[in-house]
Amino acid sequence: MPAEKIAGEMGVDPESGLSTADADERVGKYGKNQLRQTERANKLKILVRQFKSMLIMLLAAAGLVSVIFARWMEGGAILAVILVNTLIGFFTELKAMRSMEALREMAQAKTTVRRDGKNTEIPAEELVPGDVVILEAGDVVAADLRIIKASKLEANESALTGESQPVGKGTDTVEADTDLAERTSMLYKGTVISRGSAEGVVVAHGMDTELGRIASLVEEAEQSATPLEQRLEKLGRMLIWITLAVAAVTIVVGLLRGKETLLMVETGIALAVASIPEGLPIVATLALARGMHRMAKRNALINRLSAVETLGSTGVIFSDKTGTLTENQMTVTRYTLASGEVRVEGLGLTPEGAFLRDEEEIDPGENDVLLRAIEVGVLCNKASIDSDEETEGNQDDEDEHEGDGGPEEDSEVEEEDSGIRGTGDPMEVALLIAGAKAGIDRSSLLEKYPEEREEAFDPDTRAMATYHKTDSGYRVAVKGSPESVIEACTRIYKDGDERDLGDDERNEWHETCDRMAKEGSRVLALAQKHCDSVDEEPYEDLTLIGAVGMHDPPREEAGEAIERCRDAGITVIMVTGDQPGTAVSVAGALSMTDGDEPRVVTGRDLRERGEGDGDGDDDLLGVTIYARMEPAQKLRLIGMHQDAGSVVAMTGDGINDAPALKKADIGIAMGMRGTEAAKEAADMVLQDDNFETIVRAVEHGRTIFSNIRKAVIFMMCTNVAEVIAVSVAAFADWTLPLLPLQILYLNVMTDVFPALALSVGPGSGHEMENPPRDPDEQVLTRGHWMWICGAACVVAACVLGNMLLAENTFEMSSEAAITIAFITLGMSKLWFVFILRDKRSGIFDNEIVRNKWMWGALGICALLLVAAVYLPGLSTVLGTENPGRTGWLMILCGSLVPLILGQAWLIWTGRGKRGFENGDENNEKGVAS
């Protein structure tokens, strides 16, 4: 709609604004200009969440049965286990994520409106549709506005649209289906005026704004349980049925054989306790918590505990471009002159570098045209380096090539090695750094050519000019988009002199700049002229000096990280708010494409395809570059890959990324440049904004899951051995080899410490050589269960054999025989950990032996087993007695049998095998993970 019709449509006179009465009436009709409040998660809710685990509920049920039958010790011990796990989870997850609160903070500001014919400042939440808002550079836009007046207006919309540069704004209409980032006649809530001034009419406020729509998406985005949570829940459900089945069969068989009801109920409780890995919740929680702390040391802060493991399951990573895959430091890489191209070496904020032509270094001071080009870039500039003086670089840059919306966002960056600090627009900082490489300092140059006038960058002229005093008049330095500057040139510096610039040569320069742009450069044309007055027009009769190309270089380590992802079967997809050409260039530099012309899909392409329903987007699964994406479209991409069975990680930094960060299986926010909304919606925050950190976290996540799987195998194998031993003894009418409290003591005390040591082990070192696990794969696959059952049978046989031998051969008392069975099982657990090594490792040189925590855990457990026999009070509670020298010799021999057989099996099956790296159901793949 034309600007002149907006006021009438909204029922307001732009010259006087709304009356107070009208504003009050509209507040009652439309409500306040604020985002919807969300309920804060309190400590009670966080505490309640800790009890949702199936294993915790299973433990609670066993404890309840113990209490009902007056088994107070068993019930109390189980309750203690539950409380310990609950407290660990509660205090670890106490810090809540509140993305909606971060979004609401943006609305807590004041804004200037015109009411009753006067400009007045009011709280932003009191804005209503129809209000006329007055804005200046630096103001935060408090509602969605249609611009009715504008003067050299630019807005920084990077947090909303992902566009890395401020966008020129005006009053001209745009098409109804224009991308959000290109709606130049609109200003949006939460964005910032970076230059100029404006008046606009409020056309949407509160939840009806684009920011409000994003807030709604955050509320609606579903956040499912992580893969580890899902797998542990499946394991818990399986154990429930195993427990009920074993206990029921044992009790029924015993009753049918005429055994006492109370005895069989106690036996059922013992079997229930034996089948539950009481230490599993504690081990999983502490392993993830320690993983959280280790990742924090590697610049990855985890907001949600179980998200540590989610990275290990990730099959797709959606990554932003700027700052994550690139250095986020614009750098001059070449000057193109009439005499040829001069390459500039040296990246980032450092004065070290060289100017090369045909691989030969040249001195800019001895090349007149190159010197002029460098000087124009330094003079026509508002940024600063190595200065504490505040600068205003945000209003003075230009739109360099087709498709870019305006100047870069201001930044203040520092290079540790050089100590140089640059303040202002990144491209202008880059031009000053190029000057420093040539030995040209802006302050010194301004002493020679004092600045008398500045013609600020204008979206219409797409150029900037500064006037500098000389002995003979004024030197006008001009830089801007090639389309604008080259057309304003009538002459060119060539072969040491000024020559006329013909149409054919002008067209050749346009083609040269286009080629530079397609190669991924940000291109500025450089020109100058001499005049007698500062009142002369800056963009007429210019002399073309050449063009400068700049790159935001890809991170050196990002290419290697992407290659590691490829080896690990992880697909890396670039999703950026930048132009397609720039995205393709960076993707090519990082080897994200296979050499062919990559397919790029834009936000407009997705919109033209419709909403997408199921199979409609299947052809997009192979696309690795997306440009100009909007928030809802990012949700669509994530959902598309999730529906295809992938675990999806998503990086983001802006407000617009918050819904996608929440929807993804793991959201990754940028710590250096990310908004609070993005950080609080994410599961992980990268302190260094580096893609390589994500890959390291993926590797660590895989190691954690592998280690937790080892711990589960360890606990389940020994627990199944307990079930087998007790069940066989009950069916055979033998003495029960283990008492309920003895089983609980073994499961909590001698299980937890080795399991914890396994969970924090260094890993096999081959985690990134395997494809991601199937999201549907359980913690224990069929192959794992077969191995567990086989090993458990061996352990149970040794336990029962020692008990029967003690009773029948050595005619020991039942208490002594039970003690021997109890300690035999405990010692078998300790030896058993050494069977969990990688098949390719040696018996005495493997990840288990090298794990220093394991040796400490084994020492503690050995002392606990000795204490169970000899510590007064404890031995009474557990019902143990001294087995004597013969008993200890039987314990040693019986407990070593599973270790010897297990190592023999590993040697026999391990020739050329890989180990259980992926939990393959083929039993040939080993044990380790």
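Shown above is the structure to which this text applies.
Residues numbered from 1 in each chain as written. Predicted model: local features only at pLDDT ≥ 70, side-chain atom pairs only at ≥ 80, totals over all residues. Heavy atoms only, no water.

A. Representation of the sheet that holds strand β25 (residues 600-602) within the structure. Spatially, β8-β29-β28-β27-β9-β24-β26-β25 is the arrangement adopted by the 8 strands of the open sheet, whose pairing is mixed. Here the strands that pair on one side only, and so sit at the sheet edges, are β8 (300-302) and β25. Averaged over all adjacent pairs, the angle separating strand axes in this sheet is 20°, with direction ignored. Across 3 bridges, the pairing between strand β28 (residues 666-670) and strand β29 (residues 684-686) is parallel. Across the sheet, residue M670 finds its bridge partner in β29, namely L686. Across the sheet, helix α24 (residues 691-731) is in contact with β8, β9 (316-319), β24 (571-576), β27 (648-652), β28 and β29; its angle to β9 comes to roughly 160°. (Pairing = 2+ DSSP bridges. Helix = DSSP H or I, 4+ residues; strand = E, 2+ residues; numbered from the N terminus. Axes fitted to C-alpha atoms, helices over the stretch in contact; angles between N-to-C directions. Contact = heavy atoms within 4.5 Å.)

B. Inspection of the pattern of salt bridges at higher detail. Taken as a whole, this structure holds 30 salt bridges when the rule is applied. The partner of R609 in a salt bridge is D619, with the nearest N and O atoms 2.7 Å apart. Residue R609 is found in the loop between α20 (603-608) and β26 (625-627), and its partner D619 is found in the loop between α20 and β26; the two are separated by 10 residues along the sequence. Assessed through its relative accessible area of 41%, D619 is described here as partly exposed. (Salt bridge = Lys/Arg side-chain N within 4 Å of Asp/Glu carboxyl O. Buried < 20%, exposed > 50% of the residue type's maximum accessible area, 1.4 Å probe, protein only.)

C. Spotlight on the nonpolar core. By size, the foremost hydrophobic cluster in this structure holds 109 residues, and its most contacted members are I668, M684, F691 and L780. Broken down by element, the residue count for this core peaks at 19 residues, all from α24. For M684, the contacting residues outside a window of four places in its chain are A300, L301, I302, L311, I666, G667, I668, A669 and A697. (Core = buried A, V, L, I, M, F, W, Y, C linked by side-chain atoms within 4.5 Å.)

D. Quick peek at helix α27 (residues 814-832). Under the 1.5 Å per step criterion, the end-to-end length of α27 is 26 Å for 19 residues, consistent within 8% with the ideal 27 Å. For α27, the buried fraction is high: 16 of the 19 residues fall into the buried class. (Expected span 1.5 Å × (residues − 1).)

E. The packing of α24 against α27, seen in detail. Taken N-terminus to C-terminus, the directions of α24 and α27 make an angle of 155°; their axes are 11 Å apart at the nearest point. The angle between the axes of α24 and α27 places the two elements in the roughly antiparallel class. Helix-helix and strand crossings are classified by hand; for α24 and α27 the assignment is right-handed. Judged by residue contacts, I713, F714, C717, T718, N719, A721 and E722 of α24 engage L825, K829 and F832 from α27. Its residues assigned to classes, the contact of α24 with α27 shows 6 nonpolar, 2 polar and 2 charged. (Parallel < 35°, antiparallel > 145°, perpendicular 65-115°, else oblique. Left-handed = near helix turned anticlockwise from the far one by under 90°. Nonpolar A, V, L, I, M, F, W, Y, C, P; charged D, E, K, R; others polar.)

F. The arrangement of the environment of S319 in detail. By secondary structure assignment, the location of S319 is in strand β9. Overall, S319 belongs to the buried group, its relative accessible area being 1%. With 333 residues separating them along the chain, S319 and G652 place their C-alpha atoms 7.4 Å apart.

G. View of unusual backbone geometry. Backbone geometry places D358, a non-glycine residue, at a positive phi of 55°. Structurally, D358 can be placed in the loop between β12 (355-357) and β13 (360-362). Note on D358: relative accessible area 70%, which makes it exposed. Even without a glycine there, the phi angle at E359 is positive, about 70°. By the secondary structure assignment, E359 is in the loop between β12 and β13. Judged by its relative accessible area of 62%, E359 falls in the exposed class.

H. Highlighting the pairing of β24. For β24, the tally of buried residues reaches 5 of 6 residues, placing the bulk of the element in the interior. Relative to β24, β9 runs parallel, the two sharing 4 bridges. From the neighbouring strand, F318 faces β24, where its bridge partner is I573. Both β24 and β26 contribute to a ladder of 3 bridges, which runs parallel. Residue pairing across strands places T576 opposite A627, the latter belonging to β26.

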